[in-house]
Amino acid sequence: MITPTSLQRDYLDRFYTEMVNTEVGYATTLARKHGFTYQHFNRLWDSYLQSWGGDTKAWGKPYPPLSPPPDPPVFPWPSLEALESQLREDEAGLVLVNS
């Protein structure tokens, strides 16, 4: 399972909140710029949820707590291709375990 860095989790917190609220903000602007989609977020969901102890109740409200965004804005993966490669490797491991 992928373990998000603190910067990646912060980004995913923002992306989740902005997507649920249908607002354009820090994370969705970077998503458009780098090609990050809701499908990428869905593929990261289990890892993201695990980073919160496996339960969104840890948030204490409907959305994760947000810290101030990094300035300047930072996409937390070296590239979209690097993220997709990491996701493929992780998913391949899941298939082998469950076979």
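Use the structure listed above.
The residue numbering used here restarts from 1 in each chain and proceeds along that chain's sequence as written. Local features in this predicted model are restricted to residues whose pLDDT is 70 or higher, and side-chain atom pairs enter the listing and the counts only when it is 80 or higher, whereas totals over whole chains, interfaces and linings include all residues. Computation of side-chain values: all heavy atoms of the structure, hydrogens and water removed.

## A few points about the packing of aromatic side chains
Side-chain rings of Phe, Tyr and Trp, where Trp is taken by its six-membered ring, are said to pair if the distance between their centres is within 6.5 Å; with planes under 30 degrees apart they count as stacked, over 60 as edge-to-face, and otherwise as tilted. For the structure shown, the criterion picks out 18 aromatic pairs. Should the NZ of a Lys or the CZ of an Arg lie within 6 Å of a ring centre and within 35 degrees of the ring normal, that charge is described as sitting over the ring. When the ring centre of Trp52 is taken as reference, the NZ or CZ atom of Arg9 above it lies at 3.8 Å.

## Regarding the nonpolar core
Judged by nonpolar contacts, the single largest core of 20 residues is most densely connected at Tyr11, Leu12, Phe36, Leu44 and Trp77. At the level of secondary structure, the elements contributing two or more residues to this core comprise α1 (6-20), α2 (26-34), α3 (38-51) and α4 (80-98). Contacts are assigned to residue pairs with any non-hydrogen atoms lying within 4.5 Å of each other. Residues in contact with Leu44, not counting those within four places in the same chain, are Ile2, Leu12, Phe36, Trp77, Leu83 and Leu87. Think of a nonpolar core as a cluster: buried Ala, Val, Leu, Ile, Met, Phe, Trp, Tyr and Cys residues, connected wherever their side-chain atoms sit within 4.5 Å. Accessible area is worked out with a 1.4 Å probe on protein chains only. A residue is then buried under 20% of its type maximum, exposed over 50%, and partly exposed in between. Working definition: helices are DSSP H or I runs of at least four residues, strands are E runs of at least two. Numbering for both runs from the N terminus.

## Observations concerning the environment of Arg14
Looking at where Arg14 falls in the secondary structure, it is placed in helix α1. The sequence separation of Arg14 and Ala27 amounts to 13 residues, and the corresponding C-alpha distance is 5.7 Å. When residues no more than four places from it in sequence are discounted, the contact partners of Arg14 are Tyr26, Ala27, Leu66, Ser67, Pro68 and Pro69.

Read these as layout, nothing more, since geometry by itself doesn't imply function.
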